[in-house]
Amino acid sequence: MQTSSKIPTDVSYLEYKGKHKGLKAWIFSTDHKRIGLLYLYSMMTLFLVGVVLGLAMKFELIAPGKTIMEAKDYNAVFTVHGVIMIFMIVIPGLPAVFGNFMLPIMIGAKDVAFPKLNLLSWWVYIAGAFLVITSVLFGDGSPDTGWTFYAPYSFKTGANMLPAIFGAFVLGFSSILTGLNFIVTMHRMRAPGMTWTKMPLFPWSLYGTAWIQLLATPIVGITLVLVALERIFGIGVFDPALGGDPILYQHLFWIYSHPAVYVMILPAMGAISEIIPTFSQKHIFGYKVLVVSTLAIAFVGYFVWGHHMFTSGMSGTAQYTFSILTFLVAIPSAIKVFNWISTMYKGSINVQTPFYWAASFIFVFLIGGLSGLVVGALATNVYLHDTAFVVGHFHFIVFGGVGFSFFAAIHYWFPKMFGRMYDTTWANIGWLIFTIGFLALYSPMFYLGMQGMPRRYYDYMEEFHAANILSTLGSWVMTLGLIIVIINLFRSAKNGPIAEANPWNGKTLEWTVPSPPPLENFDEIPEYKEHDGPYEYQ
Amino acid sequence: MYILASPQASNFVADVDRAFIFILAVSFFFLIGLTAVMIYFIFKYNRKRHPKAVQIKGSNWLEFTWTIIPTILVLIMFYYGWAGWKPMKTAPDDSFEITVVGRMWNFTFEYDNGRRTDTLFVPKDQPVKLNLRSMDVIHSVYIPAFRVKEDVVPGSEKFMWFTPTNEGIYELFCTEYCGLQHSYMYNWVKVMPQEDFNKWYTDTTQQVASAEVTSPAAAGKRIMTNIGCFACHSIDGSKIIGPSFKGIYGHEVTVKTDGSERTVTVDDEYIKRSIYEPGADVVDGFNQGLMQSYRGQLSDDDIAKITEYLKTLQ
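Residues numbered from 1 in each chain as written. Chains lettered and ligands numbered in written order. Predicted model: local features only at pLDDT ≥ 70, side-chain atom pairs only at ≥ 80, totals over all residues. Heavy atoms only, no water.

Once that is clear, we can look at the overall build of chain A. Along the backbone of chain A there are 17 helices and zero strands. Rg of the C-alpha trace for chain A: 23 Å, near the compact-globule value of 24 Å for 538 residues, within the 12% margin. In terms of its C-alpha atoms, chain A occupies a principal-axis envelope of roughly 65 × 50 × 45 Å. With 538 residues in all, chain A has 68% of them scored as buried. Of the contacts formed within chain A by residues at least 6 apart in sequence, a portion of 83% connects residues at least 24 apart. Roughly 17,900 Å² of accessible area belongs to chain A as shown, and the carbon and sulfur atoms make up 68% of that amount. Taken as two groups, the 29 positive and 27 negative side-chain charges of chain A have centres that lie 8 Å from each other. (Helix = DSSP H or I, 4+ residues; strand = E, 2+ residues; numbered from the N terminus. Rg over C-alpha atoms; globule rule 2.2 N^0.38 Å. Buried < 20%, exposed > 50% of the residue type's maximum accessible area, 1.4 Å probe, protein only. Contact = heavy atoms within 4.5 Å. Areas by Shrake-Rupley, 256 points an atom, 1.4 Å probe, with all protein chains shown as cover. Lys, Arg positive; Asp, Glu negative; His and termini not counted. Charge placed at Lys NZ, Arg CZ, Asp CG, Glu CD.)

See the structure below:
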């Protein structure tokens, strides 16, 4: 492909002047890098809303009885917190931000395969977010169903089930478009000489993720049709009052929502697989094993949804089948951890901010994953199901796994994305405070669950008090760390010192282009020779 | 220190806790071991001490080892989990059966001889089978000291069973989120020696004694407390989920009947209809469908007593 003479390569994508100006130059841009940042800013905004709701919940739980709000408000707060965090942050997650920004550059392409479709997927995302938020806020009753919208409770409270599921479907559609786009991009647009076995691991993780997005999201569509049949035509599908089966709803919900969790953790693992070799200055340990484990997680992860339902009254056969599949999906995750740590062995480790985040990712991910084994076994699951333990496990994986990886990734790629460096002292202070707060916030939940405290509890007995105080204090410390990290990044994006093209001596292709990259990334499409590869350190 | 809920009071405890101990021991071993190795590598191979990395691309032997060992470990975990859970699925034939009725937001326990309680009384060392029924939405019966939990799903007949092994009073929580007062939906389990239980169960004098009421109105209040009316209806005029009972008897209310508004006077007839067919006349400003019919749960006689009690709330 010839470089178009109209596109200047010495002007970065941030400064490039197209036919639109101002805000329009962003919201109508088909440049994958600008779209990545659009996702970053929209998700950051929603994330902060979710954080404030989370803080309000933790503050309410600092003492038994009423602290700052009524039960009705508490139930609404945890519902909206969950809906925003899962459907608007977790599901688009790393693919939408770093996938969009980095994938084409990492495989040596000028953009994704369908740039306009890519822009459309952001707009669809915004539309879906708008739909879900309005449906949650403007129902007949307060939105108090939890993010799982379990039948038949959700049908009884006057919550806007139909629009909420429609919104989830629209958001899911945005994932489908992104997933499709990524799959085609990786199949068709890899640089010459970049065979599948030379593709970096972050793109590989996006590849596994994209297939999940493509295959799991239609289930939301099916659920939507069934809810519509029931709500509009009174056909009993889920509501026992009409002769329906509420357990069917749980199956359909988790067939989508469980793989959705892998949509987020796989790219998080992918980013870690890039960062550890770079800062160890060493070839990734077991490249092919990491690729296979990514695909294995994506595949097996599709068949474990039933482990959310061990006390719902499924047949015994279904229960132990889902339990054993859940244990099987743990194996490739464990293999990844072994390979990451082995990559550090005999490396030359440059301990920088992204590495701090990546190493602490491994620690919190281990806790999240190992606590998953505790809830994966049947006898222990029956005891812990729907207790605070599950909330702890879930946040260690979803917020620990994805959050730490997200911050590792943004500190890693920040100089590339914005062309400037951040203040590393403040970045490290922010990391330390965040990590301490995170552990104090979520670890007590394991203890509370072991003691038998149910989740989604507005009020609790005195015996659960002490651990709840620690958890609330943790939420304040963690938020302080978060504020430091975010302010540091915002200030540095504007005023930080100019960054080099390759500040970490990385070997993947994004480090061969200027920081920030020009509009079409490459002057000339790079080519992999026989001995080239993404992790060929000397 | 024992990290699970400290009471250990049923036949399932030993096997469930064995699964816990095995999984937790393996988990802590790997968490501490891997973290220690990682920190050691970060110090030892810091670029100040180790300026030149040694390129190692992988090792089939290691990959094989660390695939096989976790596989064996998780299969053992699965086995212990399965072994602790399997007996929960089959109740012995000689189980003492009690029906648990869940509704927003309390549980009541119904015995074959007609006793209905808000505390679950069970005999020690006797298998007890709970038949789980829900009047409205999904609830879940969770007794941490017994290590058991099962969802109570409307429209289906599920059960759970256990043999209490220690006397005492234990917590019973609802663990499936079920709305406004979910966190107040808890009851107590009282385990008694078989002899005391039999005495309690068959002692009609005690039944009379426990129903020590001086008037039909007081009896009405007890019925309403037991069946959980006050979770949604206040007696002080405040609005919860349904209309307050304060001053309701004999007064006019605006209701929606089949979509059209009309005014009715709250009398005996209206109260009975509201209990048996709660969706028929819905008071203006409240949602239809939240309350279930209590037909079969409350007799005409019960409703007469309830009506007497409502008359006193002026």
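Evaluation of the coordinates by the stated rule reveals 14 salt bridges over all chains. In this structure, the salt-bridge partner of Lys66 of chain A is Glu70 of chain A, at a minimum N-O distance of 3.2 Å. Linking Glu308 of chain B and Lys311 of chain B is a salt bridge whose minimum nitrogen-to-oxygen distance equals 3.2 Å. On the criterion of helical spacing, the pair formed by Glu308 of chain B and Lys311 of chain B is a turn pair, its members being three residues apart in helix 7 (residues 300–312). When its relative accessible area of 32% is taken as the criterion, Glu308 of chain B is described as partly exposed. It is possible to trace a salt-bridge network through shared partners that takes in Arg262, Arg273 and Asp281 of chain B. (Salt bridge = Lys/Arg side-chain N within 4 Å of Asp/Glu carboxyl O.)

Next up on the list: the pairing of strand 7 (residues 148–152) of chain B. All names here are of chain B. Counting buried positions over the five residues of strand 7 gives five, a clear majority of the element. Taken together, the five bridges between strand 6 (residues 139–143) and strand 7 define a ladder with antiparallel strand orientation. Among the inter-strand pairings, Ile143 is bridged to a residue of strand 7, identified as Val148. In this structure, the hairpin formed by strand 6 and strand 7 is closed by a connection of four residues, where Arg147 is found at a positive phi of approximately 65°. (Pairing = 2+ DSSP bridges.)

All names here are of chain A. Contact pair helix 8 (residues 201–216) / helix 10 (residues 246–280): the axes reach a minimum separation of 8 Å and the direction vectors enclose 170°. When the interaxial angle is binned, helix 8 and helix 10 end up roughly antiparallel. On the side of helix 8, the interface is formed by Leu201, Phe202, Pro203, Ser205, Leu206, Gly208, Thr209, Ile212, Gln213 and Ala216, while helix 10 contributes Ile255, Tyr256, Pro259, Tyr262, Val263, Leu266, Pro267, Gly270, Ala271, Ser273 and Glu274. (Axes fitted to C-alpha atoms, helices over the stretch in contact; angles between N-to-C directions. Parallel < 35°, antiparallel > 145°, perpendicular 65-115°, else oblique.)

This brings us to the environment of Ile410 of chain A. Residue and element names in this part refer to chain A. Checked against the element boundaries, Ile410 lands in helix 15 (residues 388–418). Note on Ile410: relative accessible area 7%, which makes it buried. The spatial distance from the C-alpha of Ile410 to the C-alpha of Val97 is 9.6 Å, given a sequence separation of 313 residues. The residues touching Ile410, leaving out its near neighbours within four places in the chain, are Leu40, Phe98 and Leu489.

Detail in the predicted coordinates should be disregarded across regions flagged by low pLDDT. Of all residues in chain A, 97% have pLDDT values of 70 or greater, and the mean over the chain is 90. The low-confidence segment residues 1–5 of chain A, where pLDDT is below 50, has five contacts with residues more than four positions distant or belonging to other chains. (pLDDT = per-residue confidence, 0-100.)

This part is about the confidence of the model for chain B. Residues and elements named next belong to chain B. The pLDDT averaged across chain B works out to 86; a share of 94% of its residues lies at or above 70. Averaged pLDDT values over the elements of chain B bottom out at 48 in helix 4 (residues 204–210) and peak at 95 in strand 6. With pLDDT under 50 throughout, residues 207–211 is counted as low confidence; its partners more than four residues away or in other chains account for four contacts. Across the interfaces of the predicted complex, the ipTM metric reaches 0.90, alongside a pTM of 0.87.

Residue and element names in this part refer to chain B. Taken in spatial order, the three strands line up as 12-11-13 in an open sheet, and their pairing is antiparallel. Strands at the two margins of the open sheet, each flanked by one partner only, are strand 12 (260–265) and strand 13 (281–283). Adjacent strand axes in the sheet meet at a mean angle of 45°, parallel and antiparallel pairs treated alike. Bridge count between strand 11 (residues 252–257) and strand 12: six bridges; the pairing is antiparallel. If you follow Thr257 over to strand 12, its bridge partner there is Ser260.

Judged by side-chain polarity, Phe59, Ile68, Ile469, Leu473 and Trp476 of chain A come together as a nonpolar surface patch covering roughly 410 Å² of accessible area. Along the chain, the position of Ile68 of chain A falls in the loop between helix 2 (32–60) and helix 3 (71–90). (Patch = residues over 30% accessible without salt bridge, like charges linked within 9 Å, V, L, I, M, F, W, Y side chains within 5 Å.)

Another point: the packing of helix 1 (residues 13–44) of chain B against helix 2 (residues 60–85) of chain B. Residues and elements named next belong to chain B. Between helix 1 and helix 2, the shortest axis-to-axis distance is 7 Å and the interhelical angle comes to 160°. Relative to helix 2, the element helix 1 is oriented roughly antiparallel. As for how helix 1 packs across helix 2, the hand of that crossing is left-handed. Listed contacts from helix 2 to Asp15, Val16, Arg18, Ala19, Phe22, Ile23, Val26 and Phe30 of helix 1 are Leu73, Ile76, Met77, Tyr80, Gly81, Ala83 and Gly84. Considered class by class, the residues forming the contact of helix 1 with helix 2 number 11 nonpolar, two polar and two charged. (Left-handed = near helix turned anticlockwise from the far one by under 90°. Nonpolar A, V, L, I, M, F, W, Y, C, P; charged D, E, K, R; others polar.)

On to the interface of chain A and chain B, then. With 86 residues of chain A at the contact, the number on the chain B side is 82 residues. Counting the surface lost from both chain A and chain B, the interface buries some 7,300 Å², and carbon and sulfur atoms represent 68% of this. Among the residues of chain A in contact with chain B, Lys156, Phe338 and Tyr383 of chain A are the three that bury the most area, contributing 10% of the side total. Counting across the interface, chain A meets chain B through one salt bridge. Residue Lys57 of chain B pairs with Glu536 of chain A through a salt bridge whose shortest N-O separation is 3.3 Å. (Buried area = accessible area lost by both parts, 1.4 Å probe.)

What follows deals with the nonpolar core. Core analysis: the biggest nonpolar cluster contains 265 residues, and Phe87 of chain A together with Leu120 of chain B have the highest contact counts within it. Every residue in contact with Phe87 of chain A, bar those within four places of it in the chain, is listed here: Gly82, Pro92, Trp147, Phe149, Ala168, Leu171, Phe253 and Tyr256 of chain A. If you look at the next biggest cluster of nonpolar residues, it comprises 26 residues, including Ile223, Ile248, Val255 and Val266 of chain B. (Core = buried A, V, L, I, M, F, W, Y, C linked by side-chain atoms within 4.5 Å.)

On to the environment of Gly168 of chain B. Residues and elements named next belong to chain B. When you line up the elements, Gly168 lands in strand 9 (residues 168–174). Judged by its relative accessible area of 23%, Gly168 falls in the partly exposed class. With residues near it in sequence (within four places) discarded, Gly168 still touches Val189, Lys190 and Val191.

Another point: unusual backbone geometry. Of note, the amide linkage connecting Ser515 of chain A to Pro516 of chain A takes the cis form, showing an omega dihedral of -15°. Mapped onto the elements of the fold, Pro516 of chain A is located in the segment after helix 17 (465–495). Between Met104 of chain B and Trp105 of chain B the backbone carries a cis peptide bond, its omega angle lying at 0°. Within the element layout of this structure, Trp105 of chain B appears in the loop between strand 1 (96–103) and strand 2 (106–111). Notably, Gln281 of chain A is not glycine yet its phi reads approximately 50°, a positive angle. Looking at the element boundaries, Gln281 of chain A is found in the loop between helix 10 and helix 11 (287–300). With a relative accessible area of 17%, Gln281 of chain A lands in the buried category.

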